[in-house]
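# Chain and residue survey
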Amino acid sequence: MFNISTSPPLSPEEVKHHIAEYGYVAVEPSSEIDLFSEIQKLKQQKNALVLAHYYQEADIQDLADFVGDSLGLSQKAAETDADIILFAGVHFMAETAKILNPEKKVLVPDLNAGCSLSDSCPPEAFAAFKERYPGYKVVSYINTSAHIKAMSDIIVTSSNAVPIVKALPADWKLIFAPDKNLGNYVMQKTGREMVLWDGVCMVHAIFSFQKVRALRMKYPEAELIAHPECEPALLEQADYIGSTTGLLNYVVRSPKRQFIVATEAGIFHQMRKAVPEKELIQAPTEYSCSCNTCPHMKLNTLVKIYNALLYEMPEVTLPVDILEAARRPIQRMLEMSRELGLLS
Ligand code: 13P
Ligand code: SF4
């Protein structure tokens, strides 16, 4: 980040140059301003809604209007009457908000905040894959680009994938993309065969089931709770499997006092707030690093959020045909989730 004063502010041309060059507005605001209250003021002045995923840093979660999992965030994005949505998450999440609100300005703090799982499924390769299975319907995890959504029949998230796939017509032959761990889990829970795209999440796939097994010996009273993006060997040991909201709700309602948590570390912030008296233990990874944090999610910072609201850039834009084609499967997901009683 440059150490450039924001007074006088950047010109629109300079802002455009920053976005093209860095993917975000790279200025350091004066150290005298209180970022937290300045962001709140900007939100009010501009009628902006800040949505944050549980994997964001704690301070970002604390300033957001809503913190949630992918389904909750999509629902909020679909319902808002704000003029601007600032999405503190990763790019595919902000794209989903834009697809549901084509007339609104959707901002991200940093355009570089992508997702390696989503990137593992490029549109050309997926189109070729789809051609190998004529007549198949495509169920795509929400962690995909708008271009993949536009090629899909229905979108699912980690919290509704099982009930939605169960409710799809029994004679539909299914492709599931891009997370093969979630796909395997859904097949196991629903008994439905699906052709799986070969992708995994770089954060969830590296939890070590051997180290987790050893940890369970050390904490025999602890329950193991895991996100369905984890590897099957780890999921087999889990006492509860669910989306980030599912995991949070589970630690609240379980009578147990100790939990080994196999998901991205950002969720600990809301868990600690909800159950300060309970002990939360991070599931160990294959490596001796803190690699259970998502490097993409963690690109967002308070400074980038402040600059994004101030300059109303970087903005998420998509070609009109992709916006239109991607909206149908997302709306189908929201409708089915409503019918199945899965929305709050
Ligand atoms: P959920 O938000 O559905 O729990 O998914 C987690 C995730 O990996 C988001 O990138
Ligand atoms: Fe993508 Fe995994 Fe990061 Fe989620 S946690 S944004 S799936 S890389």
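Our subject is the structure listed above.
A short tour of the structure in this document, coming up. Worth saying up front: this structure is predicted, and the values here are computed from it rather than measured.

The next point concerns the overall build of the chain. When helices and strands are tallied, the chain shows 16 helices and twelve strands. Taken against the 2.2 N^0.38 rule, which gives 20 Å for 344 residues, the C-alpha radius of gyration of the chain at 20 Å falls within 12% of a compact globule. Expressed along its principal axes, the backbone C-alpha trace of the chain runs to roughly 60 × 50 × 35 Å. The buried share of the chain, reckoned over its 344 residues, is 58%.

What follows covers the nonpolar core. Counting residues in hydrophobic clusters, the biggest one holds 105 residues, and the most contacted among them are Leu86, Val139, Ile225, Met271, Leu309 and Met333. By residue number, the principal contributor to this core is helix α16 (residues 320-339), which donates seven residues. If we skip the residues at most four places from it in the chain, Ile225 touches Tyr240, Leu247, Tyr250, Val251, Phe259, Ile260, Val261, Ala262 and Met271. Core analysis: the next-biggest nonpolar cluster, separate from the first, contains eleven residues, Phe126, Tyr133, Ile175 and Ala177 among them.

Let us look at the side chain of Gln270. By secondary structure assignment, the location of Gln270 is in helix α14 (residues 267-274). In this structure Gln270 comes out as buried when scored by relative accessible area, which is 15%. There is a polar contact of 2.7 Å between the side chain of Gln270 and the side chain of Gln61. Gln270 has contacts with Tyr54, Gln61, Val67 and Leu248, leaving out every residue within four places of it along the chain.

Further remarks concern the sheet that holds strand β2 (residues 66-68). Taken together, the four strands give an open sheet; going across it, the order is β2-β1-β3-β4, and neighbouring strands pair in parallel fashion. Since the sheet does not close on itself, it has two edges, and those belong to β2 and β4 (105-107), each with one partner. Averaged over all pairs of adjacent strands, the angle between strand axes in this sheet comes to 20 degrees, irrespective of strand direction. With three bridges connecting them, strand β3 (residues 84-88) and β4 associate as parallel partners. Within the sheet, the bridge partner assigned to Leu86 lies in β4 and is Leu107. Of the strands in this sheet, β1 (48-53), β3 and β4 are in contact with helix α15 (residues 302-311), which crosses β3 at around 160 degrees.

Right, let's get into the pattern of salt bridges. Counted by the stated rule, this structure contains twelve salt bridges. Put simply, Glu38 and Lys41 hold a salt bridge, and the shortest N to O gap is 3.1 Å. Placement of both Glu38 and Lys41 in helix α2 (residues 35-46) is noted, with a separation of three residues, approximately one turn of the helix. When its relative accessible area of 44% is taken as the criterion, Lys41 is described as partly exposed. Note that Glu324 is salt-bridged to Arg327, the shortest N-O span being 3.2 Å.

Glancing now at the environment of Cys294. By secondary structure assignment, the location of Cys294 is in the loop between β12 (279-282) and α15. On the basis of relative accessible area, Cys294 is assigned to the buried category, the value being 11%. Expressed as a C-alpha distance, the spacing of Cys294 and Gly266, which sit 28 residues apart in the sequence, is 8.7 Å. Apart from the residues within four sequence positions on either side, Cys294 is in contact with Val203 and Glu264.

At a minimum axis distance of 11 Å, the contact between helix α4 (residues 70-79) and α16 shows a crossing angle of 105 degrees. Classed by the angle they form, the pair α4 and α16 counts as roughly perpendicular. Packed against α4, whose contacting residues are Leu71, Ser74 and Ala78, the element α16 presents Met333, Leu334 and Ser337 at the interface. By residue class, the composition of the contact of α4 with α16 is four nonpolar, two polar and no charged.

Take the environment of Leu111 next. With respect to the element layout, Leu111 can be found in the loop between β4 and α6 (116-119). Taking relative accessible area as the criterion, Leu111 reaches 30% and is therefore assigned partly exposed. Separated by 205 residues in sequence, Leu111 and Val316 have C-alpha atoms that sit 8.3 Å apart. Not counting residues up to four positions away in its chain, the partners in contact with Leu111 are Ile19, Gly23, His91 and Pro314.

Analysis parameters
- Residues numbered from 1 in each chain as written.
- Chains lettered and ligands numbered in written order.
- Predicted model: local features only at pLDDT ≥ 70, side-chain atom pairs only at ≥ 80, totals over all residues.
- Heavy atoms only, no water.
- Helix = DSSP H or I, 4+ residues; strand = E, 2+ residues; numbered from the N terminus.
- Rg over C-alpha atoms; globule rule 2.2 N^0.38 Å.
- Buried < 20%, exposed > 50% of the residue type's maximum accessible area, 1.4 Å probe, protein only.
- Core = buried A, V, L, I, M, F, W, Y, C linked by side-chain atoms within 4.5 Å.
- Contact = heavy atoms within 4.5 Å.
- Polar contact = N/O pair within 3.5 Å; in protein donor to acceptor, adjacent residues only side chain to side chain.
- Pairing = 2+ DSSP bridges.
- Axes fitted to C-alpha atoms, helices over the stretch in contact; angles between N-to-C directions.
- Salt bridge = Lys/Arg side-chain N within 4 Å of Asp/Glu carboxyl O.
- Parallel < 35°, antiparallel > 145°, perpendicular 65-115°, else oblique.
- Nonpolar A, V, L, I, M, F, W, Y, C, P; charged D, E, K, R; others polar.

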